[in-house]
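Coordinate analysis (summary)
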Amino acid sequence: MASSQSVQAEDAYFSSNPPPRLLASHLAQAESFITAHAAAGHRVVLITSGGTTVPLEKQTVRFIDNFSAGTRGATSAEYFLSAGYAVIFLHREFSLQPYSRHYTHAKDCFLDFLDEDEGGAGRGDDATRVVVRKQDQSRILDVLREYKKAKRSNMLLMLPFVTIGDYLHELRGIARLMRPLGPSGLLYLAAAVSDFFVPPERMSEHKIQSTNAVQALQDRAKESGGDGSKSSSGGDEDETFDNFDASRVPRSKRLVVDLDPVPKFLENLVDGWAPEGMIVSYKLETDPAILVHKARTSLDRYQHHLVIGNLLTTRKWEVVFVSPRREDKWLRVARQGGWGEAEGRPLRADELPPEEPAEEIEALIIPAVSELHDVHIASRKA
Ligand code: PAZ
C-alpha cells in the first residue's frame, strides 16, 4: 500500500492543481480503447513521451521545459505495435509521434521528399501532380503501410499533454482505467518529467513584467481615479542593453524563480493506480558514475518492475536494464568491427562514432521488455 503520507500528498496535489481542459474527453477515449482491447485479449501499453513544461504564469508566456524530443517514446511505440501491443501514446503536444517521426523534425523539410510530375502519356490528363521522389518511395511506402495498419485496426490512441500538471492528471486517470487489464497492462514511462513546479497559489496570473512600467501606469490610474487603460507617457521605460553590466543589475530587476518539488507519484502508481500492471520507468542522467546507482535506488524505493537507465550523450547507443533479483544488463546497438575495449563498460561520449547508429536501440529494448512482461504475466497467473 502507498504510505498515508504519499496518499495525502496526492490528494493535496490533485486538488490544488487544476486538471487539463480535455481530461474527461481523453479518459473517455482511453476507456473505450482499453475496453475494446481487453475484450480482444490484447496487451495494452501506456507509453509516456516527451518533456513536461513548468509554467511560470497562469496565462503562460514563459515556462521551464525538460529535455526530450520524444524520440524514445515514438520509436518505442512503433516496436510495441509490431509486437502486437495496443498503444496509448501519452505525449507532449508537438513532440515526435510514431511513424510521422521519420519525416518531422528531420534535417530535410518534408517538401524535399516531393517532386512535380508533369503528367504523362497514358495517364489521360495533363494536370501536374505532386509525387514522392523516386528514391524515397519504398521507404515512405513501408512507413505509410505500418501507419495505416495501426490506424485501421485501432491499435494506437494518441493523447497530448503540455504541462507537468496535465501530465500527472492524465497519467493517474489512464493508469486507473488500466486496472481491469490486470498484469497484461504495461506502463512504459519514457517522458522527461519535471521534478519541480510553481504551485498555483504562487503563480502570477499575467505575464511577469521585467520593468515597473505597468506599476507606474496603475499608480497613475489610481491617482486620477481612472481605470489605467490609457497609454503611459514618460515614467519608466524598458531598459536598454547599452553598456549592460550584469553585476550591476539591482536585485529588484532580477527574476528569482522559487520552485516546489513535484510529489513523487511512482509509489501511488505501483500501489494504488495500476497495482497489477507491469511498470517500467526510465532514468536519465548525465554522469555515468551515478546512473546505475540512481536507477537501483528508484527501483528499491518504488518497488516497481524495471528501470531503464540511459545517459544523455549515449542514449541512442546503449541503455541499462536494472530490475529486482537480476544482474544489471547493458543493451548496446551493434557496430561494424565491435566496440573493442569499450565492451563490458558504459560508453564514453568521445567513443561514439560521428554518425547516428545504423540500428535503433528500441529494436533491442522492446523485445527485452516484452519478454519480462511475459514473465510478469506468468508469475501473476501462477
Ligand atoms: O525523447 P528523447 O529520445 O529525446 O529522450 C528520451 C529520454 C532521455 C527523455 C528518455 O529516454 C528518459 O530517460 N526519460 C526519463 C527522464 C527522467 O529521468 O525523468
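The name given to the protein chain in an unreviewed UniProt entry is DNA/pantothenate metabolism flavoprotein C-terminal domain-containing protein, with Akanthomyces muscarius as the source organism. Within the UniProt record for the protein chain, the comment given under Sequence similarities (unreviewed entry) is "Belongs to the PPC synthetase family."

1. Describing the site of the ligand
Taken together, the neighbourhood of the ligand is formed by 15 residues, with Ser-68, Gly-70, Arg-72, Leu-284 and Asn-310 sitting nearest. Contact distances for the ligand include 3.0 Å between an oxygen atom and a backbone N or O atom of Ala-69. Leu-284 is positioned with one of its backbone polar atoms (N or O) 2.9 Å from an oxygen atom of the ligand. For the ligand, the protein covers 91% of the area, taking 470 Å² as the surface of the free molecule. At the level of secondary structure, the elements contributing two or more residues to the shell around the ligand comprise α3 (71-82) and β11 (278-285). In terms of residue count, β11 provides more of the shell around the ligand than any other element does, three residues in total. Classifying every residue of the shell around the ligand by side-chain character gives eight nonpolar, four polar and three charged.

2. A few points about the environment of Met-158
Mapping Met-158 onto the fold places it in strand β7 (residues 156-161). Remark: the alpha-carbon pair of Met-158 and Glu-351, spanning 193 residues in sequence, is separated by 37 Å.

3. Here we look at unusual backbone geometry
Of note in this structure, Phe-94 is not a glycine but carries a positive phi near 70°. Checked against the element boundaries, Phe-94 lands in the loop between β4 (86-92) and β5 (114-117). Of note, Tyr-99 is a non-glycine position whose phi angle comes to about 70°, a positive value. Tracing the backbone through its elements, the reader meets Tyr-99 in the loop between β4 and β5.

About the thresholds
Residues numbered from 1 in each chain as written. Predicted model: local features only at pLDDT ≥ 70, side-chain atom pairs only at ≥ 80, totals over all residues. Heavy atoms only, no water. UniProt positions renumbered as here; feature names shortened; annotations may be inferred. Near = heavy atom within 4 Å. Polar contact = N/O pair within 3.5 Å; in protein donor to acceptor, adjacent residues only side chain to side chain. Areas by Shrake-Rupley, 256 points an atom, 1.4 Å probe, with all protein chains shown as cover. Helix = DSSP H or I, 4+ residues; strand = E, 2+ residues; numbered from the N terminus. Nonpolar A, V, L, I, M, F, W, Y, C, P; charged D, E, K, R; others polar.

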